[in-house]
Amino acid sequence: QALLRKPSRWSHSDMAAAPLVSSHEEVYRVVREKQLLSADELFDLARSRAADGDRRLFLYCAGASGKAKRNLQSTIDVIWASDAGLPGASASRESSHAAPLTAARLSELARLARRAPP
């Protein structure tokens, strides 16, 4: 007796062409390009993109409960602390991390540090 399978609405070529979850490299690039500093900022962007139909970043950021993963902030911290070993990423002397902090930037970092953890 042959097993009857309900046809999938996704073909194998569709799955290969469009990954279901953002890669670490994609997240790295988004965080750097958008200059995101907090898990809340990244998660808000992920929710916004999901509302527009692209759920890949949301699936990367969200746990099984649909809330932000607990390690999301540490992921962002690692992205800003080093080149994270990703192609095309380098910590240069001209980077914002090598330059002295401006008063405005120091104030922003202090505000982020005072926020309660998620």
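What counts and how
Residues numbered from 1 in each chain as written. Predicted model: local features only at pLDDT ≥ 70, side-chain atom pairs only at ≥ 80, totals over all residues. Heavy atoms only, no water. Phe/Tyr/Trp six-rings, centres within 6.5 Å; stacked < 30°, edge-to-face > 60°. Helix = DSSP H or I, 4+ residues; strand = E, 2+ residues; numbered from the N terminus. Buried < 20%, exposed > 50% of the residue type's maximum accessible area, 1.4 Å probe, protein only. Axes fitted to C-alpha atoms, helices over the stretch in contact; angles between N-to-C directions. Parallel < 35°, antiparallel > 145°, perpendicular 65-115°, else oblique. Contact = heavy atoms within 4.5 Å. Salt bridge = Lys/Arg side-chain N within 4 Å of Asp/Glu carboxyl O. Core = buried A, V, L, I, M, F, W, Y, C linked by side-chain atoms within 4.5 Å.

Visitor: Please provide a residue-by-residue account of the packing of aromatic side chains, values included.
Guide: Tallying each qualifying case throughout the model produces one aromatic pair. Both rings, one in Phe43 and one in Phe58, keep their centres 5.6 Å apart while their planes meet at 35°; by these two values the pair is tilted. Of the two residues, Phe43 is situated in helix 3 (residues 39–51) and Phe58 in helix 4 (residues 56–61); the sequence distance between them amounts to 15 residues. A residue is classified by how much of its surface remains accessible, and Phe58, at 13% relative accessible area, is buried.

Visitor: Report on the packing of helix 2 (residues 24–34) against helix 5 (residues 72–81), specifying residues and quantitative values.
Guide: Relative placement of two packed helices is described by the angle separating their axes and the distance separating the axes. Direction vectors running N to C along helix 2 and helix 5 enclose 75°, while the axes themselves pass 10 Å from each other. Relative to helix 5, the element helix 2 lies roughly perpendicular. Contacts between helix 2 and helix 5 pair Val27, Tyr28, Val31 and Arg32 from the former with Ile76, Ile79 and Trp80 from the latter.

Visitor: So what about the pattern of salt bridges? Which residues, and what values?
Guide: By the definition in use, this model includes five salt bridges. The salt bridge involving Glu25 is made with Arg29; its shortest N-O contact spans 2.5 Å. With Glu25 and Arg29 both in helix 2 and four residues apart, the pair spans about one turn of that helix. On the accessibility criterion, Glu25 (27% relative accessible area) is partly exposed. With a relative accessible area of 34%, Arg29 lands in the partly exposed category. Across the salt bridge formed by Arg111 and Glu108, the nearest N and O atoms sit 2.6 Å from each other. Placement of the pair is Arg111 and Glu108 together in helix 6 (residues 103–114), with a separation of three residues, close to one helical turn. Beyond isolated ion pairs, a larger network of salt bridges with shared partners links Glu26, Asp54 and Arg56.

Visitor: Can you break down the nonpolar core residue by residue, with the values?
Guide: Note on soluble globular proteins: their nonpolar side chains tend to be buried together. Core analysis: the biggest nonpolar cluster contains 22 residues, and Val27, Val31, Leu42, Leu57 and Cys61 have the highest contact counts within it. Ranked by residues supplied to this core, first place goes to helix 3 with six residues. Those residues in contact with Val31 that lie beyond four places of it in its chain are Leu36, Leu42, Ile76, Ile79 and Trp80.

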